[in-house]
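Close look at the chain arrangement
Here is what each chain is made of, one letter per residue.
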Amino acid sequence: MNFKQVETFRAVMLTGSMTVAAKQLHTSQPNVSRVIGKLEAELGFELFDRLPGRVAATKGAEALFREVERAFVGLDSLSDSARVIRDAGVGTLRVAAAASISLSVLPLAMRMFGEKYPQVRIVLDTSESHVIANWVATQHCDIGFVSNVSDKPGVVASVIHAESAVCVLPSNHRLAGKKRLAPRDLAGERFISLPSGNSSRRAIDAVFPDGSRVMAFETPFAATICRMVSEGLGVSLVNPIVSRTMNFPGVRALPFKPDIPFRSYMLRSQLAPRDTHVNHFVACMRAAFNSV
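Counting restarts for each chain, with residues numbered from 1 along the sequence as it is written. A pLDDT threshold of at least 70 governs which residues receive local features in this predicted model, and a stricter bar of 80 or more applies before side-chain atom pairs are shown or counted, although totals over entire chains, interfaces and linings include all residues. For side-chain calculations, the full set of non-hydrogen atoms in the structure is used, while hydrogens and water are omitted.

1. Considering the overall build of the protein chain
For clarity, the threshold we go by: Each helix corresponds to a stretch of at least 4 residues labelled H or I by DSSP, and each strand to a stretch of at least 2 residues labelled E; elements are numbered beginning at the N terminus. Radius of gyration: over C-alpha atoms. The globule rule applied is 2.2 Å multiplied by the number of residues raised to the 0.38 power. The buried label goes to any residue with under 20% of its type's maximum accessible area, the exposed label to any with over 50%, and the partly exposed label to all in between, with areas taken from a 1.4 Å probe on protein chains only.
Along its length, the protein chain carries 11 helices and 12 strands. Relative to a compact globule of 292 residues, whose C-alpha radius of gyration would be 19 Å, the protein chain shows 32 Å and is clearly more extended. Dimensions of the protein chain along its principal axes, counting C-alpha atoms only, are 100 × 35 × 25 Å. A burial count over the protein chain gives 41% of its 292 residues as buried.

2. Here we look at the sheet that holds strand β11 (residues 251-255)
Stated precisely, the cut-off is as follows: At least two DSSP bridges between two strands are needed for those strands to be called paired. Axis definition: a line fitted to C-alpha atoms, over the contacting stretch in the case of helices. Angles run 0 to 180 degrees between N-to-C directions.
Pairing is antiparallel in the open sheet, where three strands are placed in the order β10-β7-β11. Looking at strand neighbours, the two that pair on one side only are β10 (236-238) and β11, the edges of this open sheet. Each adjacent strand pair in this sheet contributes to an overall mean axis angle of 40°, direction not counted. When strand β7 (residues 166-170) meets β10, the two strands line up antiparallel, connected through three bridges. Among the inter-strand pairings, Cys 167 is bridged to a residue of β10, identified as Leu 237.

3. Side note on the sheet that holds strand β5 (residues 143-146)
Note the cut-off: Contact definition: two residues touch when any of their heavy atoms are within 4.5 Å.
Reading across from one edge, β4-β3-β5-β12-β6 is the order of the five strands in this open sheet, with mixed pairing throughout. Each edge of the open sheet carries a strand with a single partner, namely β4 (121-126) and β6 (155-164). With direction set aside, neighbouring strand axes in the sheet form an average angle of 20°. Note that strand β3 (residues 92-97) and β5 share three bridges and pair parallel. Residue Ala 97 lies in a different strand from β5, and its bridge partner there is Phe 145. Here helix α11 (residues 276-291) sits on the sheet and contacts β3, β4, β5, β6 and β12 (261-269); the angle it forms with β6, its principal contact strand, is near 15°.

4. Observations concerning the pairing of β7
Burial analysis of β7 places five of its five residues in the buried class, which makes it a mostly covered element. Of the pairings in the sheet, the one linking β7 to β11 comprises five bridges and is antiparallel in character. Within β11, the residue paired with Val 166 across the bridge is Pro 255.

5. Here's the deal with the nonpolar core
Just so we agree on the cut-off: Only buried residues count toward a nonpolar core. Its members are Ala, Val, Leu, Ile, Met, Phe, Trp, Tyr and Cys residues joined through side-chain atoms within 4.5 Å.
With 29 residues, the main nonpolar core has Leu 181, Leu 186, Ile 204, Leu 237 and Phe 256 as its most contacted residues. Among the elements that make up this core, the one with the highest residue count is helix α9 (residues 222-230) (six residues). Among all residues touching Leu 181, those that are not within four sequence positions of it are Cys 167, Leu 169, Leu 175, Leu 186, Leu 254, Pro 255, Phe 256 and Lys 257. By size, the runner-up hydrophobic cluster in this structure holds 23 residues, among which are Val 105, Leu 106, Leu 108 and Cys 284.

6. Some thoughts on the packing of helix α1 (residues 3-15) against helix α3 (residues 29-43)
Under the convention used in this document: Should an angle fall under 35 degrees it is called roughly parallel, over 145 degrees roughly antiparallel, and 65 to 115 degrees roughly perpendicular, with every other angle called oblique. With the far helix as reference, a near helix turned anticlockwise by less than a right angle produces a left-handed crossing, and one turned clockwise produces a right-handed crossing. Each residue is assigned to one of three groups, with Ala, Val, Leu, Ile, Met, Phe, Trp, Tyr, Cys and Pro labelled nonpolar, Asp, Glu, Lys and Arg labelled charged, and all others, Gly among them, labelled polar.
Packing of α1 against α3 brings their axes to within 10 Å, and their N-to-C directions diverge by 110°. Classified by the interaxial angle, the pair formed by α1 and α3 is roughly perpendicular. Seen along the crossing, α1 lies across α3 with a hand that is left-handed. Residues Lys 4, Gln 5, Thr 8, Phe 9 and Val 12 of α1 form the contact with α3, whose own contacting residues are Asn 31, Val 32, Val 35, Ile 36, Lys 38, Leu 39 and Glu 42. Of the residues belonging to the contact of α1 with α3, the class tally is six nonpolar, three polar and three charged.

7. Things to note about the packing of aromatic side chains
As a reminder, the rule being used: Two rings from Phe, Tyr or Trp (for Trp, the six-membered ring) form a pair when their centres are within 6.5 Å of each other. A pair whose planes differ by under 30 degrees is stacked, one over 60 is edge-to-face, and the rest are tilted.
One pass over the structure, following the stated rule, counts seven aromatic pairs. Measuring from centroid to centroid gives 5.6 Å for Phe 113 and Phe 281, while their planes differ by 65°, and the two rings are edge-to-face. Here Phe 281 lies in helix α11 and Phe 113 lies in helix α6 (residues 106-116), a separation of 168 residues in the sequence.

8. Focus on the pattern of salt bridges
Filter applied, for reference: Here, a salt bridge means any Lys or Arg side-chain nitrogen found within 4 Å of an Asp or Glu carboxyl oxygen.
Inspection of every chain in the model, using the stated rule, returns 10 salt bridges. The shortest N-O distance in the salt bridge between Asp 259 and Lys 257 comes to 2.9 Å. Since its relative accessible area comes to 45%, Asp 259 is described here as partly exposed. Residues participating in the shared-partner salt-bridge network are Arg 201, Asp 205, Arg 213 and Glu 218.

9. A word on α9
Every buried residue of α9 is accounted for by Ala 222, Ala 223, Ile 225, Cys 226, Met 228 and Val 229. On its buried face, α9 is in contact with β7, β8 (190-193), β9 (214-218), β10, α10 (240-246) and β11.

10. A few points about α1
In an α-helix, one turn spans 3.6 residues; hence positions three or four apart end up facing the same way. Note the following rule: Expected span of a helix, by definition, is 1.5 Å for each gap between consecutive residues, and there is one gap fewer than residues. Any pair of nitrogen or oxygen atoms within 3.5 Å is treated as a polar contact; in protein, a donor-acceptor pairing is required on top of that, and neighbouring residues in sequence qualify only through side-chain atoms on both sides.
Compared with an ideal rise of 1.5 Å per residue, which puts 13 residues at 18 Å, α1 spans 18 Å between its outermost C-alpha atoms and is within 8% of the ideal. Burial in α1 covers these residues: Gln 5, Val 6, Thr 8, Phe 9, Ala 11, Val 12 and Met 13. Capping the start of α1, Asn 2 holds a side-chain oxygen 3.2 Å from the backbone nitrogen of Lys 4, two or three residues further along. After α1 finishes, the residue Gly 16 shows a positive phi value of roughly 75°.

Now the structure itself:
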């Protein structure tokens, strides 16, 4: 007995007519008749008495129908469960992000995501970009957001947002009244830098003549840099997303030329299956980047 036979038998039982059952099943009456005939042959007993314009179920058919309905109740339950998964969402979404992203746009994206999928639990891990790439490669997390990328087998990286660096300086600094700053303006200034080896650090260093800045401090986190600037420890160039969203007191952010791009990347595993929750979270991240 296969599913087509069971479905056809059920339709005939519910309608009392092979013609009406055929319409419901989007097939022909002769085809329904053949399926029922084959089912009767396999079962070894008759299911219906053929009467003019209708069929009458035998006692054997009624007994079989009770068992079929129990099975269809289970199928209906499965359908309901699938509908809940589709509409409400269940499970856990594991997200990893660099600190600059975790502290700025990611909470907004989480709120947007929760408005559609309030039942999905989000587990957020924050670490350095190369660690997050490893997590994505091993599927420890479903998706990652980083500030720097390197070739990692099994990981697909794509730019999710890009902006040009801004210069952050104390609000009472001698340059705070300018509309735009250039490398020559920062000559002799105490500079708070990103670590050596960082791709953004290399891009920043490339626009300054050697020895033009006093390299006073190094730290990997833009939020830390901004906090140090607020204490008057120096000036720096940072991702504008961080300075804009965290709004540090006593810090002024000014446009800087030439443009130095700060890119944010999305990391996904090549082996991970398509996931509705992941796709929607990516859409929320794009919206969050564009709204702050």
